[in-house]
Amino acid sequence: MEATGDLLDLSLREFLEAVASEDPTPGGGTAAALAVAISAGLTAMVARGSGDWPEAGSAVAQAERLRKRIAPLAQRDAEAYEEALVSMTLPERVEPVVRDMAVGAALWRAAEVPMAIAEAGADAACLASLVADRGTPARRADAVAAALLAEAATWAAASLVKVNLTITAEDKRTERARRLGDTASNAARQAVRTLGAA
């Protein structure tokens, strides 16, 4: 599927069909972005249902900002990846130096979107962990699910950053992406521990 249309306008069935198609987009980055958006939505739902928690309104606002920040990255990731694929199929008559520069620049840009997804994923995992701890115990399992979704999405995006930057051996973004994954994992573990407190 060509990423010229807005993926967010597809029905869920259409989106799942597009992911399962032979086309390279939407792919892992798009799926990771949507997983973070779903995580933020679950977190907002739990916080909204936690009326006894004084900071619930603030948690809802943070989750909604996060959801609005991440959702457009699903489309942007598909577009950035398609641009990288185009650069990798430049005709043979293009000088190797020019081709290498074009591919390197496209992959550099393609790494920016998964990095933003990883950053949002780590934020979502931390917020979900907080809501699991402080929100209503009746909905704690949903907040834990949100933290685990965000953790998985963060690691998926971090792996895409690393893959897209394989040409550039010493890019500090791969280490930053790994640290974001660690942050999300720590938050998810804390969230899971709250299930024992129920």
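Structure's up top.
Things to note about the overall build of the chain
When its secondary structure is counted, the chain shows six helices and zero strands. Element order for the chain, N to C, with α for helix and β for strand: α-α-α-α-α-α. Judged by the C-alpha coordinates and their principal axes, the chain covers about 65 × 40 × 25 Å. Looking at the chain residue by residue over its 198 residues, the buried ones come to 43%. Relative to all contacts within the chain whose residues are 6 or more apart in sequence, the contacts with residues 24 or more apart total 75%. Entry remark: accessible area of the chain is about 10,300 Å², with carbon and sulfur atoms responsible for 57%. Averaged over its 21 positive side-chain charges, the chain has a centre that lies 8 Å from the centre of its 27 negative ones.

Thoughts on the pattern of salt bridges
The full count for this structure, using the stated rule, is eight salt bridges. With a closest N to O distance of 3.1 Å, D123 and R69 form a salt bridge. With D123 in helix α4 (residues 96–134) and R69 in helix α3 (residues 56–88), the pair connects residues that are 54 residues apart, well separated along the chain. With a relative accessible area of 39%, D123 lands in the partly exposed category. Of the charged contacts, one joins D182 and R178 as a salt bridge, the two residues approaching to 2.4 Å between their closest N and O atoms. Separated by four residues within a single helix, D182 and R178 lie in helix α6 (residues 172–193), roughly one turn from each other. A residue is classified by how much of its surface remains accessible, and D182, at 29% relative accessible area, is partly exposed.

Quick look at the nonpolar core
Counting residues in each nonpolar core, the largest one holds 35 residues, and the members touching the most others are A33, V36, I70, L73 and I117. Among the elements of the structure, α2 (28–48), α3, α4, α5 (140–164) and α6 are those that each provide at least two residues to this core. Of all the elements, α4 adds the most residues to this core, at 13 residues. The residues touching A33, leaving out its near neighbours within four places in the chain, are I70, L73, A74 and I117. In this structure, A59, A63, V144 and A147 belong to the second largest nonpolar core, which totals 19 residues.

Structural notes on α6
Look at α6: 32 Å from first C-alpha to last across 22 residues, which is about the 32 Å you get at 1.5 Å a residue. Buried within α6 we find R173, A177, L180, G181, A184, S185, A187, A188 and A191. Each buried residue of α6 sits inside an arc of 165° when the element is viewed along its axis, so together they form one side. Facing away from the buried side of α6 by more than 90 degrees, the exposed set consists of K172 and R193.

Parameters and conventions
- Residues numbered from 1 in each chain as written.
- Predicted model: local features only at pLDDT ≥ 70, side-chain atom pairs only at ≥ 80, totals over all residues.
- Heavy atoms only, no water.
- Helix = DSSP H or I, 4+ residues; strand = E, 2+ residues; numbered from the N terminus.
- Buried < 20%, exposed > 50% of the residue type's maximum accessible area, 1.4 Å probe, protein only.
- Contact = heavy atoms within 4.5 Å.
- Areas by Shrake-Rupley, 256 points an atom, 1.4 Å probe, with all protein chains shown as cover.
- Lys, Arg positive; Asp, Glu negative; His and termini not counted.
- Charge placed at Lys NZ, Arg CZ, Asp CG, Glu CD.
- Salt bridge = Lys/Arg side-chain N within 4 Å of Asp/Glu carboxyl O.
- Core = buried A, V, L, I, M, F, W, Y, C linked by side-chain atoms within 4.5 Å.
- Expected span 1.5 Å × (residues − 1).
- Arc of directions from axis to C-beta.

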